[in-house]
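Next come the chains, spelled out residue by residue.
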Amino acid sequence: MAFGWIDEQARARHRAGLVRTLRARPADSPLLDLASNDYLGLARHPEVVEGAAGAARRWGAGATGSRLVTGTTELHGELERELAGFCGFEAALVLSSGYAANLAAVTALAPHGSLIVSDAGNHASLIDGCRLARGTTQVVGHADPAAVRKALGTHPGPAVAVSDTVFSVDGDAAPLARLAAACRESGAGLIVDDAHGLGVLGDGGRGAAHAAGLAGAPDVVVTVTLSKSLGSQGGAVLGPARVIDHLVNAARTFIFDTGLAPAAAGGALAALRLLRREPERAARAREVATELHTRLTASDLDAVRPDAAVVSVRAPSPERAVRWAADCRAAGVVVGCFRPPSVPDGVSRLRLTARADLTAGQLDRAVRVICETRP
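What this report covers is the structure whose coordinates are included nearby. (Residues numbered from 1 in each chain as written. Predicted model: local features only at pLDDT ≥ 70, side-chain atom pairs only at ≥ 80, totals over all residues. Heavy atoms only, no water.)

A few words now on the nonpolar core. Nonpolar side chains in soluble globular proteins tend to end up buried together. Leu83, Val148, Leu190, Val222 and Leu238 are the most contacted members of the largest nonpolar core, which has 62 residues in total. Counting residues per element, this core draws most heavily on helix H11 (residues 262-277), at eight residues. Look past the residues within four positions of leucine 83 in its chain and what remains in contact with it is Val224, Leu226, Ala236, Leu238 and Leu272. With 27 residues, the next largest nonpolar core counts Leu34, Val288, Ala354 and Ala366 among its residues. (Core = buried A, V, L, I, M, F, W, Y, C linked by side-chain atoms within 4.5 Å. Buried < 20%, exposed > 50% of the residue type's maximum accessible area, 1.4 Å probe, protein only. Helix = DSSP H or I, 4+ residues; strand = E, 2+ residues; numbered from the N terminus. Contact = heavy atoms within 4.5 Å.)

In spatial order, the strands read S1-S10-S11-S9; together these four strands make up an open sheet with mixed pairing. Each having just a single partner strand, strand S1 (32-34) and strand S9 (310-314) make up the two edges of the open sheet. Neighbouring strand axes in the sheet, compared pairwise and without regard to direction, differ in orientation by 30 degrees on average. With five bridges joining them, S9 and strand S11 (residues 349-353) adopt antiparallel strand pairing. Within S11, the residue paired with valine 310 across the bridge is threonine 353. Of the strands in this sheet, S1, S9 and S11 are in contact with helix H12 (residues 280-298), which crosses S9 at around 20 degrees. (Pairing = 2+ DSSP bridges. Axes fitted to C-alpha atoms, helices over the stretch in contact; angles between N-to-C directions.)

What follows deals with the side chain of histidine 45. Here histidine 45 is to be found in the loop between S1 and helix H2 (46-59). Judged by its relative accessible area of 16%, histidine 45 is buried. Looking at histidine 45, its side chain comes within polar contact range of the main-chain nitrogen of glutamate 47, at 3.1 Å. Aside from chain neighbours lying at most four places away, what touches histidine 45 is Leu274 and Arg281. (Polar contact = N/O pair within 3.5 Å; in protein donor to acceptor, adjacent residues only side chain to side chain.)

Residues Phe3, Trp5 and Ile6 make up a contiguous nonpolar surface patch of about 370 Å² in total accessible area. Isoleucine 6 sits in the partly exposed class, given a relative accessible area of 37%. (Patch = residues over 30% accessible without salt bridge, like charges linked within 9 Å, V, L, I, M, F, W, Y side chains within 5 Å. Areas by Shrake-Rupley, 256 points an atom, 1.4 Å probe, with all protein chains shown as cover. Salt bridge = Lys/Arg side-chain N within 4 Å of Asp/Glu carboxyl O.)

In this section: H2. Taking 1.5 Å per residue as the helical rise, H2 with its 14 residues ought to reach 20 Å, and the 20 Å between its terminal C-alpha atoms agrees with that figure. Within H2, burial applies to Val48, Gly51 and Ala55. With its buried residues spanning 55 degrees around the axis, H2 presents them on a single face. Structural note: H2 exposes Pro46 and Arg57 on the side pointing more than 90 degrees away from its buried face. Taken together, the buried residues of H2 touch helix H3 (74-87) and H11. (Expected span 1.5 Å × (residues − 1). Arc of directions from axis to C-beta.)

Written out as C-alpha cells, the structure is:
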C-alpha cells in the first residue's frame, strides 16, 4: 500500500510520546504568551500593524512573482538598505523566510570542493543548507572554536564555518569573536544566523555580530529573520555587496521563490524604524530573561543562564515536559516545549520567551505557574 510505512512511524511516535499536533490560537487570547518569538512585543504594535496594512493597500496582497521578475518593489529595496545600515553591513538581500535565507547563504557560498564546518547545535535550516550545498560538511562540537580551527586546518581549499549566534534551544550565545579569529587563520568565511540576536543583542538591538565587532567585516555573512524581534515575516542575508550580488545570481531559494509579500516587508520596516527610535526595548528583553532565570533557579528549577531572550528549563522526560507545558496552559500561561528530535542532546525542556513588553505582574504570574506545575 502506498505510504504504508507512515502508519508504523506514527505508532512509533505515539509510543515515544513525540506526537506533534497543530493548535489554532484565537485572534484575542487571555493566555499569557511565553512561547512565541515576539521578543520586543512588536507583532501587534499599532505602528507595525499599520506598516503592514499600508503596504498591502499600496502594493497589493502578494509580491506577484520572484524577486528577479516582478517580486521586487521599492519597499523591498528600502527595507534592505535600512536593515543593512542598522546592522552595520554593506548590503542586504530580503527573502521569503529566515529558513530560505539560511539555505541561500550556505548553498551559494559553499560550492563543490569547499568545506563547511558546522556547529553541532545549529538550527535545522543551517543543517539543511549544509545538506543541500555541494561542499563537504564536517560537524564539530558545540561552541568550540578550537574544533573549528582544527577542521579548517585540514582543508586547503575554500571553506566556511557556520553557526547560530544565539542557539534556539538553550539560548546560549556562540563565541563569535573567537570563531572569526579561527576562520581568519585559514582564510575561511564565517556565516552566522542571528535570528535570536537581532533586536536583542548589540547596541540598540543591532545584533550579535555588531556586539562582537564583526559588523561590516569582508569575511562575515549574517542571516536574520524578520519574524522574531521585528514581529513580521521573512528573512534576509547581510554582508559585503559582492557577496549579496553573488546570492542574487546563485541562491536558488532567492531566484526561484516568490518575493516576500509587501505587507510583511512593510511591517518589518515599521518595526525596524520603531526599534531605532526605542532602542531600550533590546535591553528590556535581556533584563526580563535574566529575571526569569534568577527567579526560576531560586526555586530549584534547572534553568540555563540566558545570553539573549531565551530561557530554557529542563524537564525529566519528554512525557513530563509535554504534561508540564499542558498544565501551564491550563493555568493560563503558554510555554514552548522542546523534545527530541528537536533538541540535539535528547534532553526535553520548556522554552520560555522573555518579551520586552512583559509587566512585573505578568512575570510574577509566569514564575508562579511554572513553579506550581513542575513535574
